[in-house]
Amino acid sequence: MSEADLAQYVNSFRRTGFRGALNYYRNLDANWHLQRSLSGLKVEVPALYMVGEQDVGLSMPGMRQIIDAMPDLVPNLKQSLTIPDCGHWAPQEKPHEVSEAIIAFSRSAYFR
């Protein structure tokens, strides 16, 4: 991330605080409750999965099983992409790679 990008984040959080970001985590239990109605549903549209190879989420217990089950949950998963030398915030850390992958996926035969 460039110094200018970091400065933008610092200025934004200085102005608004971390409440919005923290509320996501404060609301995890309620989100799980609300998402019960989605149990058993599958993602039926063509999909692209991207993850940074250094994403700390990959080390969470059970994450490997979730990723391995993805083809069953997302039957139209067309591509899984691991972004080298990248952590959790792929669009900020590797914006060109993420953009190129999304553009290539959008232009692919999956949408013709």
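Whatever comes next refers back to the structure up there.
About the criteria used
- One numbering rule holds for all chains: residues counted from 1, following each sequence as written.
- Local features are withheld for residues below a pLDDT of 70 in this predicted model, meaning they are given only at 70 or higher, and side-chain atom pairs are given and counted only at 80 or more; totals for whole chains, interfaces and linings count all residues.
- Side-chain descriptors were evaluated using all non-hydrogen atoms of the structure, hydrogens and water having been removed beforehand.
- The secondary structure listing takes helices from DSSP runs of H or I that are at least 4 residues long and strands from runs of E that are at least 2 residues long, numbered from the N terminus.
- Only the C-alpha atoms count toward the radius of gyration. The rule for a globule is 2.2 Å times the residue count to the power 0.38.
- Residue exposure (1.4 Å probe, protein chains only): buried if accessible area is under 20% of the type maximum, exposed if over 50%, otherwise partly exposed.
- Note on definitions: a residue-residue contact is assigned when non-hydrogen atoms from the two residues lie within 4.5 Å.
- Accessible areas in this description were obtained via Shrake-Rupley with a 1.4 Å probe; residue shielding takes into account the shown protein chains only.
- Under the counting rule used here, the positive set is Lys and Arg, the negative set is Asp and Glu, and His together with the chain ends is not counted.
- By convention, charge coordinates are those of NZ in Lys, CZ in Arg, CG in Asp, or CD in Glu.
- Lining residues are those with an atom within 4 Å of a point, where the points come from a 1 Å grid over the protein atoms alone and group into cavities, where a 1.4 Å probe fits but cannot get out, or pockets, open sets with protein on both sides within 12 Å along at least five of seven lines.
- Grid points are joined across faces, edges and corners, and a volume is the space filled by probe spheres set on the points.
- Charged means Asp, Glu, Lys or Arg here, nonpolar means Ala, Val, Leu, Ile, Met, Phe, Trp, Tyr, Cys or Pro, and polar covers whatever is left, Gly included.
- Being paired, for any two strands, means DSSP has found at least two bridges between them.
- The handedness rule is simple: strands pointing away from the viewer, and a clockwise path from the first strand over the helix to the second, make the crossover right-handed.
- Pairs of N or O atoms within 3.5 Å make up the polar contacts considered here, provided that, within protein, one atom can donate a hydrogen while the other can accept it, and that residues adjacent in sequence are counted only when both atoms are side-chain atoms.
- Between the rings of Phe, Tyr and Trp (Trp by its six-membered ring), a pair exists once the centres lie within 6.5 Å; its type follows the angle of the planes, with under 30 degrees stacked, over 60 edge-to-face, and the other angles tilted.
- To form a nonpolar core, buried Ala, Val, Leu, Ile, Met, Phe, Trp, Tyr and Cys residues must be joined to one another through side-chain atoms within 4.5 Å.

Novice: Please set out the overall build of the protein residue by residue, giving values where relevant.
Specialist: Looking only at helices and strands, the protein has six helices and two strands in total. Reading the helices (α) and strands (β) of the protein from amino to carboxyl end gives α-α-α-β-α-β-α-α. The C-alpha radius of gyration computed for the protein amounts to 17 Å, which surpasses the reference 13 Å derived for 112 residues by more than 25%, pointing to a less compact arrangement than a globule. The principal-axis extents of the C-alpha atoms in the protein amount to approximately 40 × 35 × 30 Å. In the protein, which comprises 112 residues, the share counted as buried stands at 17%. In the protein, once contacts between residues fewer than 6 apart in sequence are set aside, the share between residues at least 24 apart is 71%. Accessible surface for the protein amounts to roughly 8900 Å². Of this, 58% is attributable to carbon and sulfur atoms. Averaged over its 11 positive side-chain charges, the protein has a centre that lies 9 Å from the centre of its 12 negative ones.

Novice: Before we move on, could you go through the layout of surface pockets and cite the residues and values that matter?
Specialist: Its volume calculated, the largest pocket comes out at about 810 Å³. Lining the largest pocket are 24 residues, and of these Tyr24, Trp32, Met60, Met63 and Ile66 lie nearest its centre. Of all the secondary structure elements, the ones that give two or more residues to the lining of the largest pocket are α2 (19-26), α3 (28-34), β1 (47-52) and α4 (63-73). Of the residues that constitute the lining of the largest pocket, the class distribution is 16 nonpolar, six polar and two charged. Its volume calculated, the second largest pocket comes out at about 240 Å³. Looking at the second largest pocket, the residues that line it are Met1, Tyr9, Val10, Phe13, Phe18, Ala21, Tyr25, Trp89 and Gln92. Going through the elements one at a time, α1 (3-16) and α2 are the ones with two or more residues in the lining of the second largest pocket.

Novice: Help me get a handle on the pairing of strand β2 (residues 77-83), residues and values and all.
Specialist: Pairing between β1 and β2: six bridges, direction parallel. Looking across to β2, one finds that Tyr49 is bridged to Ser80. Taken together, β1, α4 and β2 constitute a β-α-β crossover, and its handedness is right-handed.

Novice: So what's going on with the side chain of Ser108? Residues and values would help.
Specialist: When you line up the elements, Ser108 lands in the segment after α6 (95-107). At a separation of 2.6 Å, a polar atom in the side chain of Ser108 contacts the main-chain carbonyl oxygen of Phe105.

Novice: How would you summarise the packing of aromatic side chains if you had to cite specific residues and measurements?
Specialist: One pass over the full model with this rule turns up two aromatic pairs. Plain terms: the ring middles of Tyr24 and Tyr25 are 5.0 Å apart, the flat faces sit at 90° to each other, and that makes the pair edge-to-face.

Novice: Could you give me a rundown of unusual backbone geometry, with the residues and numbers involved?
Specialist: A negative phi angle characterises most non-glycine residues, just as the trans form characterises most peptide bonds. The residue Asp85 is not glycine, and still its phi comes out positive at about 50°. Here Asp85 lies in the loop between β2 and α5 (90-93).

Novice: Give me the lowdown on the nonpolar core, citing residues and values where you can.
Specialist: With six residues, the main nonpolar core is built from Ala47, Tyr49, Val51, Ile67, Met70 and Val74. Setting aside its immediate chain neighbours within four residues, Ile67 contacts Tyr49 and Leu58.

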